[in-house]
Amino acid sequence: MHVFKTNKDLIYFLENERIKGNKIGFVPTMGALHPGHMALIRNALKDNDISVCSIFVNPTQFNNEEDLKKYPRKVEEDLGKLEHEGCQVVYLPEDHELYDDPSMLRTTINFGGIENILEGRYRPGHLKGVGLIVAKLFNIVKPHNAYFGQKDIQQFYLIRQLIHDLSYDIRLHCIPTQREEDGLAMSSRNRRIPPEYRPVASKFYECLLECKQLLKDGQDVEGIISFANDYLSGFFPLRLEYIALVGTEDFSLLNRKMDSGQQALCIAGYIDNIRIIDNVLLN
Ligand code: PAF
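Residues numbered from 1 in each chain as written. Predicted model: local features only at pLDDT ≥ 70, side-chain atom pairs only at ≥ 80, totals over all residues. Heavy atoms only, no water.

*Asks:* What's the story with the pattern of salt bridges in this structure? I'm lost.
*Replies:* Any two side chains of opposite charge can pair, so long as their charged atoms come close to each other. On inspection of all chains with the given rule, the structure shows 17 salt bridges. With its nearest N and O atoms 3.7 Å apart, the salt bridge here joins Lys 69 to Glu 66. Here the residue Lys 69 and the residue Glu 66 both occupy positions in helix 3 (residues 65-70), the gap between them amounting to three residues, near one helical turn. Relative accessible area serves as the criterion here: at 60%, Lys 69 is assigned to the exposed category. A salt bridge links Arg 192 to Asp 67, with the nearest nitrogen and oxygen atoms 3.4 Å apart. Taken together, the positions of Arg 192 in the loop between strand 6 (171-175) and helix 9 (198-201) and Asp 67 in helix 3 put the pair 125 residues apart, joining distant regions of the chain. Connected through shared salt-bridge partners, Asp 67, Arg 123, Arg 189 and Arg 192 make up one network. (Salt bridge = Lys/Arg side-chain N within 4 Å of Asp/Glu carboxyl O. Helix = DSSP H or I, 4+ residues; strand = E, 2+ residues; numbered from the N terminus. Buried < 20%, exposed > 50% of the residue type's maximum accessible area, 1.4 Å probe, protein only.)

Here is the structure:
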């Protein structure tokens, strides 16, 4: 497995692979890899000749200093998992390879509104930070295929729009959320859930399934919000931040389930001070 720390070395290596006619798959991550990431890697390995996994905790997508500081960093463990899976290339840049100074960014991408609702509303600047780093990584890696998880569904649709609007020649793949046995969506942040609260963590997913059924039975979104608030408040220390229905075509907010088109029911909340997001598809 090749581990590159500079853009220059990675670009040189991948250029040679492209000249040989090899197809490149890309899985961008922030490390602390879990089985959800490994599912993305396995898909990349299946479709491509060379798979690249980047590990970079991107400072510009954190709207909260504390969250950035506490974000789990497990590089040695991550490299072991990637090697074991058969990943050929890891890109492990220092901050200065990607930003001279993250607080001095002048270029931002406007996504036309998708970056300001849901995750964008509760984590101001987060999705713009994601969009910019993914654009930078795409320019460096120039993959044929890129793999993202369904758990971060708004991120997925923002990147779909980025690829379309900036004419990247990249095929985007959405890989279904991997879950723990009790249904909790796998996430790097799950490591921070205190063990005494772990048993209630799956209630977010159970709440989503209950709400999905209510929507199918004709309940509107206002009713769902009030149901979810009541449901989660029964499980200390869970707290709902939002639950919302979106049409995935343009990621617009909906008031009730539609008969046609794909829709996603998205939830965000807290277990104590650990933020959880999840979603289920409706059709
Ligand atoms: O999903 C993530 O881990 C991050 O948002 C990403 C796509 C690697 C960008 O930093």
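*Asks:* What is the right way to look at the confidence of the model for the protein chain in this model?
*Replies:* When pLDDT drops low, the exact placement of atoms in the prediction is not to be read closely. Per-residue confidence for the protein chain gives a mean pLDDT of 96, with 100% of residues at or over 70. At the level of individual helices and strands, the protein chain shows its lowest average pLDDT in helix 3, which scores 92, and its highest in strand 5 (residues 145-149), which scores 99. (pLDDT = per-residue confidence, 0-100.)

*Asks:* Looking at this model, I keep getting lost on the pairing of strand 2 (residues 24-29). Mind explaining?
*Replies:* On a regular strand, one side chain projects to one face of the sheet and the next to the other, so that they alternate. Of all the six residues making up strand 2, six are buried; the element is thus mostly covered by neighbouring parts of the structure. Side chains of strand 2 alternate between two faces, with Ile 24, Phe 26 and Pro 28 and Gly 25, Val 27 and Thr 29 buried alike. Read from strand 2 through helix 2 (residues 35-47) to strand 3 (residues 50-55), the crossover connection turns out right-handed. Here strand 2 runs beside strand 5; their pairing, made up of two bridges, is parallel. Bridge pairing in strand 5 places Gly 25 opposite Asn 145. (Right-handed = clockwise from strand over helix to strand, strands pointing away. Pairing = 2+ DSSP bridges.)

*Asks:* Before we go on, may I ask you to explain the sheet that holds strand 2 in this structure?
*Replies:* Strand pairing within a sheet occurs via backbone hydrogen bonds; the two strands may be parallel or antiparallel. Strand order in the open sheet formed by six strands is 1-4-3-2-5-6, with parallel pairing between adjacent strands. In the strand order of this sheet, the two ends are held by strand 1 (2-4) and strand 6, each with one partner. Here the strands of the sheet are splayed against their neighbours by 25° on average, with no regard to which way each runs. Where strand 2 and strand 3 come together, six bridges link them in parallel fashion. Paired with Ile 24 across the strands is Ile 50, a residue of strand 3. Against the sheet, helix 7 (residues 126-141) contacts strand 2, strand 3, strand 4 (89-91) and strand 5, and its axis sits at roughly 150° relative to strand 2. (Axes fitted to C-alpha atoms, helices over the stretch in contact; angles between N-to-C directions. Contact = heavy atoms within 4.5 Å.)

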